[in-house]
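One-letter residues, chain by chain:
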Amino acid sequence: GSAVVVRVRKSDVKSLSRTAAPWRLSKSRGRSARGPEPPRIVLDGCEDIEGRALLLVSALHFGAAALAGWKVHFVVQGDAVVCAALDALRWEIGLDVEWLHDRQRDAVLPGARLFAAVCFRDVARLNLEDIARHGVPALVAIQFPDFERHGAEALALQRAAHDPQLLCAEILARLGVALP
């Protein structure tokens, strides 16, 4: 087959991802206002030298069938590429995923079943104490962790920090959800 290369300017992606796209679900569509809220997870949307949000987006792609009926909140720091990837994931698979600005993290943490992130070497920016204060368990996969500062869990999740399929399996295992 032949490859197709599409070049998109970052400014174009940002403007598209901020518009009211027709595939975005309003809060009233899809469930009754009186019905129970779906179970929720919150994911770190930082994609830079410290965060690996696109790895989480790929993990969602692998686990989309298992997460049908779940609400996925991605806390983003205004990264247009991550927002566009989430919009594409929603469009392609229909997963109930929403990106929010990082200032809204505290509003979506209460009641969440899991907070997940992928980081490079350090987790300080995540403020894990604040996440724990909300009673939300955290799954943080660290690429190249400093084993003097991070414990056995960092070692156990190191492969998942590089492999979205393994990361998906870890997320689903923490949620007690199996792939159909």
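Values in this document were obtained by computation on a predicted structure and should not be read as measured data. (Residues numbered from 1 in each chain as written. Predicted model: local features only at pLDDT ≥ 70, side-chain atom pairs only at ≥ 80, totals over all residues. Heavy atoms only, no water.)

A. Representation of the confidence of the model for the chain in the model. Looking at the chain, the pLDDT average stands at 82 and 81% of residues meet or exceed 70. Across the chain, the element-wise mean pLDDT spans from 44 in helix H1 (residues 10-17) up to 97 in helix H7 (residues 164-175). Note on residues 1-6: pLDDT is under 50 here. Beyond four places in sequence and across chains, it has zero contacts. Residue range residues 12-32 is modelled with pLDDT below 50. Its contacts to residues more than four positions away, or to other chains, number 25 contacts. (pLDDT = per-residue confidence, 0-100. Helix = DSSP H or I, 4+ residues; strand = E, 2+ residues; numbered from the N terminus. Contact = heavy atoms within 4.5 Å.)

B. Looking closely at the nonpolar core. If you look at the biggest cluster of nonpolar residues, it comprises 35 residues, and the most contacted ones within it are Leu60, Phe74 and Leu167. Looking at this core, the elements with two or more residues in it are strand E1 (40-44), helix H2 (53-63), strand E2 (71-76), helix H3 (80-93), strand E3 (97-101), strand E4 (114-120), strand E5 (138-143) and H7. It is H2 that provides the largest number of residues to this core, a total of six residues. Ignoring anything within four residues of it in the chain, the contact list for Leu60 reads Leu43, Leu67, Val72, Phe74, Leu89, Leu95 and Val97. Val42, Leu100, Leu126 and Val136 belong to the second-largest nonpolar core, a separate cluster that totals 16 residues. (Core = buried A, V, L, I, M, F, W, Y, C linked by side-chain atoms within 4.5 Å. Buried < 20%, exposed > 50% of the residue type's maximum accessible area, 1.4 Å probe, protein only.)

C. View of the sheet that holds E2. Spatially, E3-E2-E1-E4-E5 is the arrangement adopted by the five strands of the open sheet, whose pairing is parallel. Edge positions in the sheet fall to E3 and E5, since each of these pairs with one other strand and no more. Going from strand to strand, the sheet's axes swing by 20 degrees on average, the running direction of each strand aside. Here H2 sits on the sheet and contacts E1, E2, E3, E4 and E5; the angle it forms with E2, its principal contact strand, is near 165 degrees. (Pairing = 2+ DSSP bridges. Axes fitted to C-alpha atoms, helices over the stretch in contact; angles between N-to-C directions.)

D. Representation of the packing of H2 against H7 within the structure. As a packed pair, H2 and H7 sit with axes 8 Å apart at the nearest point and diverge in direction by 70 degrees. In this view, H2 runs roughly perpendicular relative to H7, as classed from their interaxial angle. For the pair H2 and H7, the crossing hand works out as right-handed. In this structure, H2 contributes Leu55, Leu56, Ser58, Ala59, Phe62 and Gly63 to the contact, and H7 contributes Pro164, Gln165, Leu167, Cys168, Ile171 and Leu172. (Parallel < 35°, antiparallel > 145°, perpendicular 65-115°, else oblique. Left-handed = near helix turned anticlockwise from the far one by under 90°.)

E. Structural view of the state of the cysteines. According to the stated counting rule, one finds zero disulfides in the structure shown. Here Cys119 is not disulfide-linked; the sulfur of Cys46 is the nearest cysteine sulfur, at 7.7 Å. On the basis of relative accessibility, which here comes to 0%, the residue Cys119 falls in the buried class. (Disulfide = S-S within 2.5 Å.)

F. Expanded view of the environment of Gly111. Note on placement: Gly111 falls in the loop between helix H4 (105-108) and E4. By relative accessible area, which is 62% here, Gly111 ends up exposed. Along the backbone, Gly111 and Gly135 are 24 residues apart, and their C-alpha atoms lie at a distance of 8.0 Å.

G. Examining the pattern of salt bridges more closely. According to the stated counting rule, one finds ten salt bridges in the structure shown. A salt bridge links Arg125 to Asp44, with the shortest nitrogen-to-oxygen separation between them at 2.6 Å. Separated by 81 residues along the polypeptide, Arg125 in the loop between E4 and helix H5 (128-133) and Asp44 in strand E1 bring together distant segments of the chain. Residue class for Arg125 comes out partly exposed when judged on its relative accessible area of 25%. Residue Lys71 pairs with Asp96 through a salt bridge whose shortest N-O separation is 3.0 Å. In this pair, Lys71 sits in strand E2 while Asp96 sits in the loop between H3 and E3, placing the two residues 25 residues apart along the sequence. When its relative accessible area of 14% is taken as the criterion, Lys71 is described as buried. (Salt bridge = Lys/Arg side-chain N within 4 Å of Asp/Glu carboxyl O.)

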